[in-house]
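An overview of the molecular structure
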Amino acid sequence: MINFLIVLKLSLCGLTFGYALKKKFNLDKYLISFSCIWVFCGYFAGYYWNVMWLDVLILFPLLIVFMEELIYEKKVLKYTLVLALAIFCNYFMAYIVCIFLALKFFTLNFKNIKEFLLGGIRFAICSICGAGMAGIVIIPSYFILHSTTISDESLNDVKFEISGKISETLKNFMFGEVSNAITNNQFKANIHVCLFVLLLFGIYLAYRKINILDKIKNCLLIGFLIFSLNNEMLQFIWHGFHVQHGIPNRFAFLIIFMLIFCAYEVIKDIDNISLLEKFIGFIFSIGFFFLIYYYDKSIYTSFIISILIILFYFLTLIINYGSRILIFAEIITFFVISSASVSIDSLAAYNTYYDSMQEIQKEFDLGDVRSKYEEIGIDSGDMYSYKSTLLSQI
């Protein structure tokens, strides 16, 4: 039954994403291909098992469409109701989406200051109404979470600084760097997306007919999201003012979403893009991989494979044939490999978790960790409640 739910929800994720592309660009070209690119990306490959998140990911593309209708067409009902439903389904993922919607608002185009202010007020009021409609979930959850140990965490516990190696995070864009379901590396990110998208994003930067201001706004938003992957304080904020454990960078799907939307803006006009602009985009994309490889020589195999795939995609754009076939070959291969890896890694992580708890129990029986329990404020008689907290703080 759970497998059926996963397949159904992933299918609905692709359906709503395709709907968003259709509404945004009014184009059918590559629609199925890009919907599959979204569903078969590294984020879904790593976290598809987390079924409770998928409900919000189904609604997420609809919220983007309905937010623009709210701003440009003053249609308030659909955005408000879908936002309320998203919060009701999973308030944690909805919280991440709400932050993104607030940031995305500043990338929209307004004719004047008055339109910007009125649109902002309308957006804020409808967002508050949507949250209020889901109050039956939010209010009890707030009081319950406020009584747990994580409620003691605050911004004073983290610093606004780069943590971990950025190259270690960005290498996950490469083919061959599989997704992770559970990892102790808190700066790991399931951000792999079909390399055709990265090639098209390079062309997006080079294509002169795309408004330069739109490019700047979208690139700033993508840059901020990528910067957040390795910034301790921003991670803390993105994760509900909570230090993430085990499942890092849960907002990474936003980066993939932005890249695909930018790529689709290119593909709709690909026949009119000059060979020079395509070549410059190709140089941008492989240059990005060369930069990552420069700082992390351990990814040689993934680096070479990714460069070759990008090259093949570039050639399909030149001859105007074969890109769809290569897209499906790449995303299915990646998803199968990553899904298998996720299953194996999850089993290993569970076994490690179980073994760790057994060891903790032995130490507890000897009285060696009783003081640690008292230090972090956990009742030493309640084995169930302190498992995850103890593992994260010992």
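This structure is a prediction, so every number in the text was calculated from the model and none was measured. (Residues numbered from 1 in each chain as written. Predicted model: local features only at pLDDT ≥ 70, side-chain atom pairs only at ≥ 80, totals over all residues. Heavy atoms only, no water.)

**Observations concerning helix H11 (residues 212-229)**
Its 18 residues place the ends of H11 26 Å apart at the C-alpha level, agreeing with the 26 Å of an ideal helix rising 1.5 Å per residue. Inspection of H11 places Asp-214, Lys-215, Lys-217, Asn-218, Leu-221, Ile-222, Leu-225, Ser-228 and Leu-229 among the buried residues, and these make up the whole buried set. The inward-facing, buried residues of H11 abut helix H6 (91-105), helix H9 (166-170), helix H10 (195-206), helix H12 (232-238) and helix H13 (253-267). By the N-cap criterion, in which a side-chain oxygen at the helix start approaches the backbone nitrogen of a residue two or three places on, H11 is capped by Asn-211, the distance to Leu-213 being 2.7 Å. (Helix = DSSP H or I, 4+ residues; strand = E, 2+ residues; numbered from the N terminus. Expected span 1.5 Å × (residues − 1). Buried < 20%, exposed > 50% of the residue type's maximum accessible area, 1.4 Å probe, protein only. Contact = heavy atoms within 4.5 Å. Polar contact = N/O pair within 3.5 Å; in protein donor to acceptor, adjacent residues only side chain to side chain.)

**A word on the packing of H6 against H11**
Relative to each other, H6 and H11 sit at 150°, their axes nearing to 10 Å. Relative to H11, H6 is oriented roughly antiparallel. Judged by the twist between their axes, the crossing of H6 over H11 is right-handed. Where H6 approaches H11, its residues Phe-100, Leu-103 and Lys-104 are matched on the opposing element by Leu-221, Phe-224 and Leu-225. A class-by-class count of the residues in the contact of H6 with H11 yields five nonpolar, no polar and one charged. (Axes fitted to C-alpha atoms, helices over the stretch in contact; angles between N-to-C directions. Parallel < 35°, antiparallel > 145°, perpendicular 65-115°, else oblique. Left-handed = near helix turned anticlockwise from the far one by under 90°. Nonpolar A, V, L, I, M, F, W, Y, C, P; charged D, E, K, R; others polar.)

**What about the state of the cysteines?**
All told, the structure shown has zero disulfides when counted by the stated rule. Considering cysteine sulfurs only, Cys-262 is the nearest to Cys-219, which forms no disulfide, with 6.6 Å between them. By relative accessible area, Cys-219 is classed as partly exposed at 26%. Owing to a relative accessible area of 3%, Cys-262 belongs among the buried residues under this scheme. (Disulfide = S-S within 2.5 Å.)

**Let's talk about the packing of aromatic side chains**
Enumeration according to the criterion identifies 42 aromatic pairs in this entry. On the numbers, 6.5 Å between centres and 35° between planes, the contact of Trp-53 with Phe-92 is tilted. One end of the pair, Trp-53, is in helix H4 (residues 51-73); the other, Phe-92, is in helix H6, with 39 residues separating them in the sequence. In terms of burial, Trp-53 and Phe-92 fall into one category: buried. (Phe/Tyr/Trp six-rings, centres within 6.5 Å; stacked < 30°, edge-to-face > 60°.)

**Some words on the environment of Ile-286**
By secondary structure assignment, the location of Ile-286 is in helix H14 (residues 275-295). Residues Ile-286 and Phe-303, 17 residues apart in the sequence, show an inter-C-alpha distance of 9.4 Å. Not counting the four nearest positions on each side in its chain, Ile-286 is found in contact with Ile-307 and Ile-310.

**A short note on the pattern of salt bridges**
Under the counting rule described, the total for this entry stands at 10 salt bridges. The residue Lys-217 makes a salt bridge to Asp-214 at a minimum N-O spacing of 3.9 Å. With Lys-217 and Asp-214 both in helix H11, this residue pair falls three residues apart, about one helical turn. When its relative accessible area of 17% is taken as the criterion, Asp-214 is described as buried. By sharing partners, the salt bridges in this structure join Lys-23, Glu-69 and Lys-78 into a single network. (Salt bridge = Lys/Arg side-chain N within 4 Å of Asp/Glu carboxyl O.)

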